[in-house]
Amino acid sequence: MMRSFITLSFVSSLYSTFSVLALRIPFDAHVQTPSNHATHFPRQSSSNGRVPIGNTQNIYYYTNITLGGQNISVMLDTGSSDLWVSGSVSGATDTGNSLKLSYAVGTAAGDIYTAPFELAGQSVSDQAFLLVANVSSFSTNIHSDGYDGLIGLGPNSGSSIYKKLDGNSGNNPINRIFEQTSSSNDYITMMLSRKGDPGSNITGQFTIGEIVPGFENITSMPKLPIEKVYKVTDVDQHWQIVTDKDNGIIGPDGQAIQYSSIAPKAPDGTIVGVLDSGFTLPQVPRTVSDAIYGRVQGAEWSASSEAWLVPCGQLINVTFNFGGVSYPIHPLDVSSSDFGVTFSNGNPACLGTFQPVTSAFSLLGEYDMILGMAFLRNTYTLINYGNFITGGSNSNNPYIQLLPLTNIESAVNDFIQVRLNGQNTINSPQYALLPASQEQHSPESAAEKKQAYEELVLSRWPYILFGCLVFLILLISYCVWRCCCRRKRLAKRAAQQKGGAASVGGFKSGPYAPLHDSQSTGSLVMQPMRGSTAELEEYGRKDTFTRS
C-alpha cells in the first residue's frame, strides 16, 4: 500500500509541474497600445449575464470584473483555473497564504486575499485571488496589452489557490458562482471577435448561464463529452474533447491528416484537443503542422519563431470535425500578418498559426493539441461544468457545444480583400500546393525526441503501476509458496528422524550377530502367522465397504 501511494504521489507532483510550465508559449506581436489601459472598453451593464470581450490585435482577449469595488480588466483563460490581479485591491482581506504561479512568459507571485467579486451579473462576497505586486518578469507589458490580471475558467481541480486554502474557500470564481446557485444552467459561453476582418460582424461576448441572442442554435449542437483524466492527475483536467474518427482534421488538399493519438484512452483514429483561450497560437502535433504548411510553395521553417512562415497571399484551408459537425477555420486565422516576421531573404511573411507543440507537450499523454484563439474565433463555445463543480448539486457529466461561425465562401472573399488587395489570384500557379512527395518537414529537436520517449512511459503509468503490483503479488506469492514447501520438507524430515529413532529403540543395542541356526531361519520363512491372512482380508473388507 505504501509503495502504491508513493508512486501515485510522484506521478501527481510530476504532472502538476509540467501542467503549470506548459500553459503559455511566448510570442511577440505588433500591438497597438490603448490610450487608457485602466478601462479598455466601455463598461457594459452585466445585469443580464453578459459582458463584452476586448480584443488586442487578435493576441489577447479580456473582460472587466469588479474586485473589491474596483473595475479590473482580466484576460480570459479557459486553460487555467486561478484568479490573479496586479496592483492593489482596496478592502481585501489577507489569508496569510502566499503562492507562485509559473508560466512560460513569466511568474505571478504574491499573497492570497479575499474580496467581493462580480462578473456578468454574478457576485461572490469573499472570492479568493492572488494579488501580484510585480509583473516585471513577464516578457510583455500586460497593462499595454490590455489586461491587469487573469481569470482562469478551467475546472476547479486545477486551481492552485483551491489547493492552498482549507475547505472550499479557495474555489475559483466560476465554481463559487455555480456552487451558490440552484440553477441547472451551470455553463459559460464565449465568442471571440476577429480584428482585421471586414466581413465579420462578430463582437466578443462572454456569458454566464445564458445564450447570446441570435445564436440559440448552439443548444442543438452535439454535446461533446469532456475527456477526463485519471483522478490522481486531475490537476491537469482541462476542457478536452475528441475529434471524429479518421477525419478529425482536414488539410489543405481536402484529405484527412493522419495522426496517431498519444492519449492511451483516445479511440483509434481520433485526436484529443484542449480548448484554451489563453493560447494565441494553437499547438498541434508536428506532423499535423507540417501537413498544413509543408506543401506551400515558398514555405520556410523558422527556428527562431518555432513556426512555419508562408507567403501572405497563400490561402490555406483547414477544417476540424467534432461530433459529426465540420468547423472550417477562417484563412485569416490559418496564417497571421500580425507578427511582423520575414523570410530568410528579408521579404515579408505570414506566420503559420498552427504551431508544433513543444513546451506544452503532455508528458502523461492527456492530450495531443491545444486549440487556442485562432481556432476559437471560428466557434461560439459553450462549456457546461456539470459535476466538475466542487460542492455543486449538478450530477451530470460536463460537456462542450460548438457552433460554427465561419462561412467558407465569405471567408474566402475576406481573405482576397485583406491579403490580395481585392485581386482574386488564389488559383494562380504560384499558390498551387506542392505534390505530397515534395512536402517539407520541420526538424524535430533532441528535446522533443526525449519528450516522446518519456511520454511513452509516463502516459502509461496506470498500466505500469498495475503491472508492478501484479508482479509484486506474484513475487510475494512465490516466496510464501517456497516458504511453505520448505516447512513441509523440514517437518517431513523431522518426522522421519523421529520414526527412525523409535525403531532403533525397540532392539537391544550391541554388535550385529548373524543367525547360524538354519532351522530357525526356515521356520521364520516357511511358517505363516496363524489367522493373519484372514484377519487382513476381513480388515480390508471393512475398510472398503464400511464408511461413515
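Time to look at the overall build of the chain. Counting its secondary structure elements, the chain contains 12 helices and 26 strands. Relative to its full complement of 548 residues, the chain shows a buried share of 48%. Summarising the internal contacts of the chain: among those between residues at least 6 apart in sequence, 71% fall at separations of at least 24. Surface accessibility of the chain: about 27,000 Å² in total, with carbon and sulfur atoms responsible for 54%.

Take the packing of aromatic side chains next. All chains considered together, the criterion is met by 14 aromatic pairs. Seen from their ring centres, Y60 and Y147 are 5.4 Å apart, and the 50 degrees between their planes marks the pair as tilted. Placement of Y60 in strand β3 (residues 60-67) and of Y147 in the loop between α2 (142-145) and β9 (149-152) is noted, with a sequence separation of 87 residues between them. Judged by centre distance (6.2 Å) and plane angle (55 degrees), the ring pair of F322 and Y327 falls under tilted. Residue Y327 is classed as buried on the basis of its relative accessible area, which comes to 1%. In this structure an aromatic cluster arises from ring pairing among F320, F322, Y327, F354 and F375.

What follows concerns the state of the cysteines. Considering all chains together, one arrives at one disulfide under this definition. You can see C479 has no disulfide; the closest cysteine sulfur is in C483, sitting 6.7 Å from it.

Read across the sheet, three strands follow the order β14-β19-β20 without closing on themselves; strand pairing throughout is antiparallel. Where the open sheet ends on each side, the last strands, each with one partner, are β14 (249-250) and β20 (325-329). Where strand β19 (residues 318-322) meets β20, five bridges bridge the pair, whose relative direction is antiparallel. For F320, the partnering residue across the bridge sits in β20 and is Y327.

Turning next to the side chain of R295. Counting through the fold element by element, R295 comes out in the loop between α5 (286-293) and β17 (300-302). Of the residues examined, R295 reaches a relative accessible area of 16% and is grouped as buried. For R295, the residues in contact, after removing those within four places along its chain, are D253, D290, L433, L434, P435, A436 and E439.

On the secondary structure map, D414 appears in helix α8 (residues 408-419). One buried charged residue, D414, remains without a salt bridge, the closest side chain of opposite sign being R194 at 5.8 Å.

This next bit is on the pairing of β9. Residues G149 and I151 point to one face of β9 and L150 and G152 to the other, with burial holding for every one of them. Inspection of the sheet shows strand β5 (residues 83-86) paired to β9 by three bridges, in the antiparallel sense. Residue V85 lies in a different strand from β9, and its bridge partner there is G149.

This part takes up the pattern of salt bridges. Under the counting rule described, the total for this entry stands at six salt bridges. Between E210 and R50 there is a salt bridge whose closest N-O contact spans 3.3 Å. Of this pair, E210 sits in the loop between β11 (205-208) and β12 (224-225) while R50 sits in strand β1 (residues 50-52); the two residues are 160 residues apart in sequence, bridging distant segments of the chain. For D333, the salt bridge is made with R377, and the minimal N-O distance between the two is 2.9 Å. Here the residue D333 occupies a position in helix α6 (residues 331-334), and R377 occupies one in the loop between α7 (373-376) and β25 (379-384), the gap between them amounting to 44 residues. Through salt bridges with shared partners, a single network forms among R194, D197, D333 and R377.

Another point: a positive patch on the surface. Positive charge collects at one region of the surface, where R482, R486, R489 and R493 lie side by side. As for its position among the elements, R486 is in helix α10 (residues 461-504). For R486, a relative accessible area of 51% translates into the label exposed.

Turning to the nonpolar core, a few remarks are in order. Counting 106 residues, the largest nonpolar core has W84, L119, F206 and F320 as its most contacted members. Setting aside residues up to four positions removed in sequence, W84 forms contacts with L101, Y103, A108, L130, V132, V135, F138, I142, D148, G149 and L150. Counting eight residues, the second largest nonpolar core, distinct from the first, contains L315, L332, L420 and I426.

Within the open sheet, the six strands sit side by side as β1-β11-β10-β25-β26-β12. Their pairing is antiparallel. Edge positions in the sheet fall to β1 and β12, since each has one partner strand and no second. Strand direction decides the pairing type here: strand β10 (residues 187-191) and β11, joined by four bridges, are antiparallel. Residue M191 lies in a different strand from β11, and its bridge partner there is Q205.

Turning next to the pairing of β20. Burial of β20 is extensive: four of the five residues sit out of reach of the surface. Here β19 hands over to β20 after two residues, with G323 in that stretch at a positive phi of 60 degrees.

For the rest of this paragraph, the subject is the confidence of the model for the chain. Considering every residue of the chain, the mean pLDDT works out to 81; 75% of them sit at 70 or more. Low pLDDT, under 50, characterises residues 1-47; the predicted model gives this stretch 99 contacts beyond four residues in sequence or across chains. Counting contacts from residues 517-548, a segment whose pLDDT is below 50, to residues more than four positions away or on other chains yields three contacts.

Thresholds, definitions, all that
- Along each chain, residues carry numbers from 1 onward, in the same order as the chain's sequence is written.
- Confidence filtering applies because this is a predicted model: local features only for residues at pLDDT of at least 70, side-chain atom pairs given and counted only at 80 or more, and all residues used for totals across whole chains, interfaces and linings.
- The basis for the side-chain values is all heavy atoms of the structure; hydrogens and waters are excluded.
- For helices the rule is a DSSP run of H or I covering at least 4 residues; for strands it is a run of E covering at least 2, with both sets numbered from the N terminus onward.
- Burial classification: accessible surface area is computed with a 1.4 Å probe over protein chains only, and a residue below 20% of its type maximum counts as buried, one above 50% as exposed, and the rest as partly exposed.
- A contact between two residues is defined here by any heavy atoms of the two lying within 4.5 Å.
- A 1.4 Å probe and the Shrake-Rupley method give the accessible areas. Residues count as covered only by the protein chains that appear here.
- Note on aromatic contacts: the rings of Phe and Tyr and the six-membered ring of Trp form a pair at centre separations within 6.5 Å, being stacked when their planes are under 30 degrees apart, edge-to-face when over 60 apart, and tilted otherwise.
- Cysteine sulfur atoms that come within 2.5 Å of each other are treated as a disulfide pair.
- Paired strands, in this sense, are two strands between which DSSP finds at least two bridges.
- Charged-residue counts in this description rest on Lys and Arg as positive and Asp and Glu as negative, His and the chain ends being excluded.
- One side-chain nitrogen of Lys or Arg within 4 Å of one carboxyl oxygen of Asp or Glu is enough to make a salt bridge.
- The patches described consist of residues with a relative accessible area above 30% and no salt bridge, like charges being joined within 9 Å and nonpolar side chains (Val, Leu, Ile, Met, Phe, Trp, Tyr) within 5 Å.
- Charge positions are represented by NZ for Lys, CZ for Arg, CG for Asp and CD for Glu.
- Take the buried Ala, Val, Leu, Ile, Met, Phe, Trp, Tyr and Cys residues and link them wherever side-chain atoms come within 4.5 Å; each set so joined is a nonpolar core.
- Note: pLDDT gives the predictor's confidence per residue, expressed from 0 to 100.

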